Amino acid sequence: MIFISRKKAFTLMELILVVALIVITSAITAPIYFSAKSGDDLDNSADVLASSIRRAQILSMAVEGDSSWGVKIENDNIIIFRGDDYSLRDSNWDESVKINKNIVFSGLDEIVFHKFYGRPVVEGDIYLKINDGRTSTVNINSWGTVNY
């Protein structure tokens, strides 16, 4: 008897089938992933904005630097500043927080809190929008409560 040994290996057809399955799976899951990621980016940006507003309010109530404090929103930056007005501030005291570049802000872009009391000079809404059309709103009421 003659035994012929055959090496076991994948056929070209099997490899094509596996690659096709990987491509199909990726095509189905990629949009779900990117949608979830952009939603997380929006939520994280709203959290960071609310935290920055609260920090400026706390610094004002603590009369840190014997001054009021505020928040300025610029493109992909949130700046916590010392003073009654962003344009007249002392930039040595600035605290800057980067935000995702895909987030577009509208509404209030500057919020200043009265020193000691921590109430905002102006109340209103800040709207955050991400490129897929989803939005989030951060509201500051007359007592300085931040809702989002």
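Novice: I tried to follow the pattern of salt bridges on my own but got confused; where do I start?
Specialist: Between side chains of opposite charge, pairing is possible as soon as their charged atoms come close. For the structure on display, the rule yields six salt bridges. Note that Arg 55 and Glu 95 form a salt bridge whose closest N and O atoms lie 2.7 Å from each other. On the criterion of sequence distance, the pair formed by Arg 55 in helix H1 (residues 12–61) and Glu 95 in strand S3 (residues 95–98) is long-range, its members being 40 residues apart. With a relative accessible area of 38%, Arg 55 lands in the partly exposed category. Of the residues examined, Glu 95 reaches a relative accessible area of 27% and is grouped as partly exposed. Note that Asp 66 and Lys 115 form a salt bridge whose closest N and O atoms lie 3.3 Å from each other. Residue Asp 66 is located in the loop between H1 and strand S1 (69–74), and its partner Lys 115 is located in the loop between strand S5 (110–113) and strand S6 (124–130); the two are separated by 49 residues in the primary sequence. According to the relative accessible area criterion, Lys 115 is partly exposed, its value standing at 37%.

Novice: Help me understand H1 in this model?
Specialist: One turn of an α-helix holds 3.6 residues; hence residues three or four places apart share an orientation. Helix length check: H1, at 50 residues, gives a terminal C-alpha distance of 71 Å against a target of 74 Å (1.5 Å per residue), a fit within 8%. Where H1 bends most, at Thr 29, the angle is about 30°, and the proline Pro 31 comes one to four residues later. The positive-phi residue at the C-terminal boundary of H1 is Val 63, with phi of around 50°.

Novice: Could you clarify how one ought to interpret the nonpolar core in this entry?
Specialist: Soluble, globular proteins show a tendency: their nonpolar side chains are buried together. By size, the foremost hydrophobic cluster in this structure holds 24 residues, and its most contacted members are Leu 49, Ile 53, Phe 105, Ile 126, Leu 128 and Val 138. Those elements that provide at least two residues to this core are H1, S1, strand S2 (77–82), strand S4 (103–107), S5, S6 and strand S7 (135–140). Broken down by element, this core gets its largest block of residues, seven residues, from H1. Other than its neighbours up to four places away in sequence, Ile 53 contacts Val 71, Ile 111, Phe 113, Ile 126, Val 138, Ile 140 and Val 146.

Novice: Explanation requested: the sheet that holds S5 in the structure shown.
Specialist: Hydrogen bonds along the backbone pair up the strands of a sheet, which may run parallel or antiparallel. In space, the four strands of this open sheet follow the order S3-S2-S1-S5, with antiparallel pairing throughout. A strand with exactly one partner marks an edge of an open sheet, and here the two such strands are S3 and S5. Averaged over all adjacent pairs, the angle separating strand axes in this sheet is 15°, with direction ignored. Pairing analysis gives four bridges linking S2 to S3, with the strands arranged antiparallel. Paired with Ile 79 across the bridge in S3 is Ser 96.

Novice: Where do I start with the environment of Ser 106 in this structure?
Specialist: Mapped onto the secondary structure, Ser 106 falls in strand S4. According to the relative accessible area criterion, Ser 106 is partly exposed, its value standing at 37%.

Novice: Honestly, the side chain of Asn 77 in this entry has me stumped. Any pointers?
Specialist: Within the secondary structure layout, Asn 77 lies in strand S2. At a separation of 3.1 Å, a polar atom in the side chain of Asn 77 contacts the side chain of Ser 96. Residues contacting Asn 77, with those up to four places away along its chain left out, are Lys 72, Ser 96, Val 97 and Lys 98.

Novice: Looking at this model, I keep getting lost on the packing of aromatic side chains. Mind explaining?
Specialist: The geometry of an aromatic ring pair is captured by two quantities: the separation of the ring centres and the angle between the planes. Considering all chains together, one arrives at four aromatic pairs under this definition. Arranged with centres 5.1 Å apart and planes meeting at 70°, the rings of Tyr 33 and Phe 34 form a pair that is edge-to-face. Here the aromatic rings of Phe 81 and Tyr 86 are separated by 5.4 Å at their centres, their planes lie at 75°, and the arrangement is edge-to-face. Look at Phe 81 and you get buried, because its relative accessible area is 0%. A relative accessible area of 12% places Tyr 86 in the buried class. The ring of Tyr 86 carries Arg 89 above its face, with NZ or CZ at 3.9 Å from the centroid.

Basis of the calculations
- Residues numbered from 1 in each chain as written.
- Predicted model: local features only at pLDDT ≥ 70, side-chain atom pairs only at ≥ 80, totals over all residues.
- Heavy atoms only, no water.
- Salt bridge = Lys/Arg side-chain N within 4 Å of Asp/Glu carboxyl O.
- Helix = DSSP H or I, 4+ residues; strand = E, 2+ residues; numbered from the N terminus.
- Buried < 20%, exposed > 50% of the residue type's maximum accessible area, 1.4 Å probe, protein only.
- Expected span 1.5 Å × (residues − 1).
- Bend = angle between axes of the 7 residues up to and from the residue.
- Core = buried A, V, L, I, M, F, W, Y, C linked by side-chain atoms within 4.5 Å.
- Contact = heavy atoms within 4.5 Å.
- Pairing = 2+ DSSP bridges.
- Axes fitted to C-alpha atoms, helices over the stretch in contact; angles between N-to-C directions.
- Polar contact = N/O pair within 3.5 Å; in protein donor to acceptor, adjacent residues only side chain to side chain.
- Phe/Tyr/Trp six-rings, centres within 6.5 Å; stacked < 30°, edge-to-face > 60°.
- Lys NZ or Arg CZ within 6 Å of the ring centre and 35° of its normal.

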